[in-house]
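# Fold and contact review
Listed here are the chains, written in short residue letters.
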Amino acid sequence: MNPRILRRFIILMALLTAGTFIFTDLLDDFITRPPGDMETEMGSIRLEDGLYDEALDFYDQALDIQPNHRGALMGRALVFVQTERYDEAIAELDHLIAYLSENLAPDDPTGQRALAAAYANRGTVFDRRGEYQSALDNYVESLKIDPELGEGPGFIHKILYGAEKVSSVRGRARYLSEQLQKPEDERVLSIPELDAKQRMYKP
């Protein structure tokens, strides 16, 4: 056989094999994804881009497909936080926390992280509303469920988003605890330029 033809045949077969594996993997991922996941992912992309109305539309679509989809509920809450609709954010997080508390399986670490993130985010909302004891209570509950959440952004997140000075849940909880123990006229509970750097959490 002509070596040139043989080489072309081998390259073609290799490309076809690789293409088949990639296509099968993508198809399997698409077919086996839980209902509402695709819409939630699209909402999260819009949320990252600051397209809040579009994000909310996608999260609502996910919830139409899968009621109580925890990613979509969290996403809606984050949209409300980012648009300063704090009452709606609290209501969404209240619902998510109640739903997860009642339905989480003991062997569901992703669900536990979602619950911890919901408490942390609710703490941040209370923090922004000046309800500092409620904020502290939620931060503490979050850390009980997932102590690792208290460490703040990971190394990769810092590289990608430059968030090296973002407050962690543990750091903010410790600060609030110390301030709330002081006489009321000596407390410094809010430093706007630092508070604005608090990040929201997604599981």
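See the structure shown above.
Residues numbered from 1 in each chain as written. Predicted model: local features only at pLDDT ≥ 70, side-chain atom pairs only at ≥ 80, totals over all residues. Heavy atoms only, no water.

## Things to note about the overall build of the protein
Check the secondary structure of the protein and you find ten helices and zero strands. For the protein, the N- to C-terminal ordering of α and β elements is α-α-α-α-α-α-α-α-α-α. Within the protein, the fraction of its 203 residues that count as buried is 37%. The contacts in the protein between residues at least 6 apart in sequence include a share of 55% that link residues at least 24 apart. (Helix = DSSP H or I, 4+ residues; strand = E, 2+ residues; numbered from the N terminus. Buried < 20%, exposed > 50% of the residue type's maximum accessible area, 1.4 Å probe, protein only. Contact = heavy atoms within 4.5 Å.)

## Considerations on the pattern of salt bridges
With the rule as written, the count across this model stands at ten salt bridges. Taking the shortest distance from any N to any O, the salt bridge between Arg70 and Asp108 comes out at 3.0 Å. Placement of Arg70 in helix H4 (residues 70-82) and of Asp108 in the loop between helix H5 (86-103) and helix H6 (109-128) is noted, with a sequence separation of 38 residues between them. Note that Arg172 is salt-bridged to Asp127, the shortest N-O span being 2.8 Å. Of this pair, Arg172 sits in helix H9 (residues 169-180) while Asp127 sits in helix H6, placing them 45 residues apart in sequence. (Salt bridge = Lys/Arg side-chain N within 4 Å of Asp/Glu carboxyl O.)

## Things to note about unusual backbone geometry
Even without being glycine, Asn68 reaches a positive phi, approximately 65°. The topology assignment puts Asn68 in the loop between helix H3 (52-65) and H4. Residue class for Asn68 comes out partly exposed when judged on its relative accessible area of 25%. Even without being glycine, Glu84 reaches a positive phi, approximately 60°. Judged by its relative accessible area of 60%, Glu84 falls in the exposed class.

## Notes on the nonpolar core
Residues Met74, Val125 and Leu176 are the most contacted members of the largest nonpolar core, which totals 42 residues. Among the secondary structure elements, those contributing two or more residues to this core are H3, H4, H5, H6, helix H7 (132-145) and H9. (Core = buried A, V, L, I, M, F, W, Y, C linked by side-chain atoms within 4.5 Å.)

## Digging into the environment of Ala116
Mapped onto the elements, Ala116 comes out in helix H6. For Ala116, a relative accessible area of 0% corresponds to the buried category. As a C-alpha pair, Ala116 and Asp146 span 30 residues in sequence and 5.9 Å in three-dimensional space.

## With respect to the environment of Gly43
Checked against the element boundaries, Gly43 lands in helix H2 (residues 37-48). Residue classification places Gly43 among the buried residues on the basis of a relative accessible area of 0%. Separated by 29 residues in the primary sequence, Gly43 and Ala72 have C-alpha atoms spaced 8.0 Å apart. Beyond its immediate sequence surroundings of up to four residues, Gly43 is in contact with Ala55, Phe58 and Tyr59.

## Side note on the side chain of Asn138
By the element assignment, Asn138 lies in helix H7. For Asn138, a relative accessible area of 6% puts it in the buried group. Of note is the side chain of Asn138, whose polar atom sits 2.7 Å from the side chain of Arg122. Apart from the residues within four sequence positions on either side, Asn138 is in contact with Tyr119, Ala120, Arg122, Gly123 and Phe126. (Polar contact = N/O pair within 3.5 Å; in protein donor to acceptor, adjacent residues only side chain to side chain.)

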